[in-house]
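# Examination of the molecular architecture
So you can see what is in the structure, the chains are spelled out below.
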Amino acid sequence: RENLVRSGVSSALAGERKRSRSLARASGERGVENSVTKKKNNSKEGREENDFLVEEYHSDEECGGNKCGGVSSDSEDDNVALIALGRDSNSEGRQSKAQGVESVSLSAKALLHGSNLDGSGYQNDPERNACAKHSNTNTNNTLSVGDVTPGTGIRKIIYAARTHSQLSQFIGELRRTHWGETVKVVALGSRSLLCGNEDVLYASKTNKKNSRRNESEITEMCLDMQKIKRDGKKKSDDGKGKKVSSCPYLASPEAVSTLAMHALVRPSDIEDTANLGKASRVCSYYASRKALAAAEVVVLPYNTLLSPQARQSVGLSIKNALIVVDEAHNLPEALRNISSCQLSLPVMEAAMSQLLAYTRRYSGRLAGRNLFYLGQIRKVLLAMIKYLKRPPPASSHGSDVTKDESIRTKEMMAAVDLMFRLKLDNVNLFALLRYLEKSRLSQKLLGFVNHTVASSEENANNTANNNDQSEFMSKHVSSLSIVETFFQRLTTTSREGKIIVEWSLESEDEESSFTTKPPTFRFVQIHSASQLDNIVEEAHAVVLAGGTLRPFSHVAAELFSDNVDVMKAASNAEMQLAREYDVVHNTSGSSSASPPSSLVQITQQLTTFTCGHVIPPSNVVTACLSFGPTSHKLDFRHNSRSSNAMIDELGRVLLNMCNVVPSGFVVFLPSYNYESQVFQRWRSTGMLAQIDKKKRIHREPKNSRDLETALARYSTEASSSIAGALLFSVMGGKMSEGINFANDMARCVLVVGLPYPDITDPVLKEKMQCLDREYRKSGTGITGQSYYQNLCMRTVNQSVGRAIRHANDYAAIVLADYRYASEPRIWKGLPQWLRRGYGNPDQENASFGMVLKNVRTFFAER
């Protein structure tokens, strides 16, 4: 396949060079008529050559003959797929021809513009979308992808997930279907995953492991290299220097289009697309965006789907599309993160200095109305800068001072309260935002700054970089655009979000050395329901899928609380499930009723579907562990879990469990901080060395880039060695979701404690109070305490679900904390497939001896 891509790119580059030479010769002719004639002929030749390249995607003879020669047998399948790629796009046209409508063969260019997705392959409309341009009267109903009008042909399917590994797993499953070889799939990813230029990815090629740049730095370098350079040697159609990019992977648009076509041949995940780009030395990041319009299935991360700005930047239209969101329990948090924003003091100072320089430069040309709005923006910025530079008095630090940031204090308030404190209640923010949008002042200011050498602006940027080492300020993003985003948040209601003001005070102690963040305004989204409205309104349907979506009333309360019908439907569905589906067997093995394997509830606006696990009950054993080997009560609440006695008892539990658990053994701890405490204690007592003799110990890496290496090392030892391996991870961490611990990687999962969030967090407290107010007001939804409990149990269920990955898999689940057996609400928060056959647990069956016996018997029967 890589050979075929290289061949296609080489042909595209050769054709482009040939057209450039022809145009150069034509422009050198003195006779105007001869020049025009030659240009027309060359244009015709260029079209024919393009058609010839396209024919390789359509013709059996071309791809089977010498023109595709030199390709290994592995590439023959790709040749066949390339043929099918063009032919399948005309299937709808052939059907229409049978009905009396003549079909038109689409070119590769039409394919790349999505002509096969909007029904344009007909007689009177062959390549409208490949050639038409948007008119000035376009409305929101007109598409943002190429020139394709959505909803008039094949419906796009958009699949979104949180992690890159989940997207790859989905494409792997898609390949296994009977249409897996013909469906056109595009996987969108970040530059750090798709870029093949090592000069961009690494600061040093000799030390790649420690010199890989982060996403912000890679984006910055990519945009720098794309700054257009005019090459006088290469002539374009108008006789001027041709615009080329300094990045060798973006040297030819034709090459990018060729890679886009090859990426559509068969379902390719991000790794496949990146490898094709490296093999052909073509940018796979922009090739995936080029292929977007022709894709029938689009695979992308949450952030790209949920952010309207991100969708617009990549050219993704969701109009009348079918959207599938996997692991949708993450959706509320993802929406809150996207809607939240911050505005630091260095950014405001940079925006202020740029505004002043811009006003001084063009004050004589600007109308009075423009000068008025510029003055209003400066007034707001000046008030905000003064407020952040005026730290609160020392007596007000009190409870707002955190232990690890003893010099930092916070204050949370509504946006309207902040405006009154700044004495800006007479400023019309809506009018300012309309002015900023219509005038496009942020873009103008960015262009002005990039072409003006102003010492005040340079000093502001230097100050920002010196004061805020952790905040990356891109020269491709205007400081005023960040200010504009924050102004938009200031127009929200107190129900939607709050403003957190954070000050950093300098210590008077010269001996103390620490790094402080600059003073910052931070907007945090509290109510995320309104953020999903634009997606629901545009899409044909939205499917929220996941293994931990229940209770449905919780999902509805967070995402659709403004829709009373959806709220009632979700509540009724949950009550029906409690009556008919959540039927668990008692300890004797009998039950009053046999629960159905699945249950569907359909209403006009909401359809819910619930089903059991694919494994039989005999493939999993669930054990609540309340006491350790020395009969010490396992109480992992925050105020007691850090005691030496509790940590030592946990070590004895694991030491004994390693004797009966084969292969891989995964332990989930409640937090990273607690993991550090546990390992520090075990090192001092020698417990860590004793456990390591039983099973080789592995830990979840702190750096996400080391995750795959750590997993591969653990997987090898867990499945190949006789003793197996022991992996320590954290609930809610990198390995607790989206990771596939199938088969011998996790024959036992032990969950330590309950990962309740910090109840003192002001944002969490505000969210819980908001839910309580709405529940008292309307009588629907959920309470704050119920929300708090569900956050914890959802994290536990995600961690437990790492072990069972297919129908023949089996594992033991051990829940180490006395509360699992003593508090029914916690036991009922576990999934039905985990509780079935056990009834309500009791403390007698939660002793260490009984649990160890049950686990040993379970594995002995395998």
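Higher on the page you've got the structure.
Here the structure is a predicted model, which means the values were calculated and not measured.

### Remarks on the packing of helix α19 (residues 345-362) against helix α25 (residues 479-490)
Relative to each other, α19 and α25 sit at 115°, their axes nearing to 8 Å. At the point where α19 passes α25, the crossing takes the left-handed sense. Counting all contacts with α19, which are made through V347, A350, A351, Q354 and L355, the residues of α25 involved are S479, L480, I482 and V483. For the contact of α19 with α25, the class distribution of residues is seven nonpolar, two polar and no charged.

### Describing helix α20 (residues 368-389)
Since there are 3.6 residues in each turn of an α-helix, residues three or four apart along the chain are aligned in direction. With 22 residues, α20 should cover 32 Å at 1.5 Å per step; its first-to-last C-alpha distance of 31 Å lies within 8% of that length. For α20, the set of buried residues is Y373, L374, Q376, I377, V380, L381, A383, M384, I385, Y387 and L388.

### Notes on the nonpolar core
Ranked by size, the top nonpolar core spans 81 residues in total, and within it I158, V299, L305, L306, L316 and I323 carry the most contacts. The biggest single contributor to this core is helix α27 (residues 552-559), with five residues. Discounting chain neighbours no more than four positions away, the residues touching L305 are I158, A160, L300, R311, I318, I323, V325 and I535. With 46 residues, the next largest nonpolar core counts A383, M419, L441 and F523 among its residues.

### A look at the sheet that holds strand β2 (residues 185-187)
Read from one edge of the open sheet, five strands run β2-β5-β1-β6-β11, paired in parallel fashion. Strand pairing shows two members of the sheet lacking a second neighbour, β2 and β11 (541-544), which therefore form its edges. When strand polarity is set aside, the average angle formed by the axes of neighbouring strands in this sheet is 15°. Here strand β1 (residues 157-161) pairs with strand β6 (residues 322-325) via four bridges, running parallel. Each bridged residue has a counterpart across the sheet, and for Y159 the counterpart in β6 is V324.

### Remarks on a positive patch on the surface
On the surface, R17, K18, R21 and R25 cluster together into a positively charged patch. The topology assignment puts R25 in helix α1 (residues 2-28). By relative accessible area, which is 54% here, R25 ends up exposed.

### Topic: the packing of aromatic side chains
Tallying each qualifying case throughout the model produces 15 aromatic pairs. Ring centres of F858 and F859 lie 5.2 Å apart, and the angle between their planes is 75°; on these two criteria the pair is classed as edge-to-face. Here the two residues F858 and F859 agree in accessibility, since each one is buried. What links up through ring pairs into an aromatic cluster is the set Y387, F486, W503 and F521. The positively charged end of R641 is found above the aromatic ring belonging to Y674, 5.2 Å away from the centroid. Sitting over the face of the ring of Y810, R862 holds its NZ or CZ atom 5.4 Å from the ring centroid.

### A few points about the sheet that holds strand β14 (residues 620-625)
The six strands are arranged β14-β19-β18-β15-β17-β16 in an open sheet whose pairing can be described as parallel. Strands with a single pairing partner mark the edges of an open sheet, and in this sheet they are β14 and β16 (696-699). Strand-to-strand, the axes of this sheet are offset by a mean angle of 15°, without reference to chain direction. Taken together, the five bridges between strand β18 (residues 748-752) and strand β19 (residues 811-816) define a ladder with parallel strand orientation.

### Here we look at helix α28 (residues 564-580)
For α28, which comprises 17 residues, the first-to-last C-alpha distance of 24 Å matches the rise-based estimate of 24 Å (1.5 Å per residue) to within 8%. Looking only at α28, the buried set comprises V566, M567, A569, A570, A573, E574 and L577. The buried side chains of α28 occupy one side of the element, clustering within an arc of 165° when seen end-on. More than 90 degrees from the buried face of α28, the exposed residues found are D565 and R579. The secondary structure elements touched by the buried residues of α28 are α27, β12 (598-602) and β13 (607-611). Capping of α28 at its N-terminal end is provided by N563; its side-chain oxygen lies 3.2 Å from the backbone amide nitrogen of D565.

### Things to note about a nonpolar patch on the surface
On the surface, a nonpolar cluster with roughly 330 Å² of combined accessible area is contributed by V600, I602 and F609. For F609, the position within the fold is in strand β13.

### Some points on the environment of I500
On the secondary structure map, I500 appears in strand β9 (residues 497-504). Measuring from C-alpha to C-alpha, the distance between I500 and A415 comes to 9.4 Å, with 85 residues separating the pair along the chain. Apart from residues no more than four positions distant in its own chain, I500 is found in contact with K410, E411, M412, T520, F521, R522, V524 and V763.

### Overview of the pairing of β13
Here β13 shows a buried face lined by T608 and T610 and an unburied face lined by T607, F609 and C611. Pairing analysis gives five bridges linking β12 to β13, with the strands arranged antiparallel. Note that in β13 the partner of V600 across the bridge is F609. Here β12 folds back onto β13, and the loop between the two strands holds four residues.

Definitions and cut-offs
Residues numbered from 1 in each chain as written. Predicted model: local features only at pLDDT ≥ 70, side-chain atom pairs only at ≥ 80, totals over all residues. Heavy atoms only, no water. Axes fitted to C-alpha atoms, helices over the stretch in contact; angles between N-to-C directions. Helix = DSSP H or I, 4+ residues; strand = E, 2+ residues; numbered from the N terminus. Left-handed = near helix turned anticlockwise from the far one by under 90°. Contact = heavy atoms within 4.5 Å. Nonpolar A, V, L, I, M, F, W, Y, C, P; charged D, E, K, R; others polar. Expected span 1.5 Å × (residues − 1). Buried < 20%, exposed > 50% of the residue type's maximum accessible area, 1.4 Å probe, protein only. Core = buried A, V, L, I, M, F, W, Y, C linked by side-chain atoms within 4.5 Å. Pairing = 2+ DSSP bridges. Patch = residues over 30% accessible without salt bridge, like charges linked within 9 Å, V, L, I, M, F, W, Y side chains within 5 Å. Areas by Shrake-Rupley, 256 points an atom, 1.4 Å probe, with all protein chains shown as cover. Salt bridge = Lys/Arg side-chain N within 4 Å of Asp/Glu carboxyl O. Lys, Arg positive; Asp, Glu negative; His and termini not counted. Charge placed at Lys NZ, Arg CZ, Asp CG, Glu CD. Phe/Tyr/Trp six-rings, centres within 6.5 Å; stacked < 30°, edge-to-face > 60°. Lys NZ or Arg CZ within 6 Å of the ring centre and 35° of its normal. Arc of directions from axis to C-beta. Polar contact = N/O pair within 3.5 Å; in protein donor to acceptor, adjacent residues only side chain to side chain.

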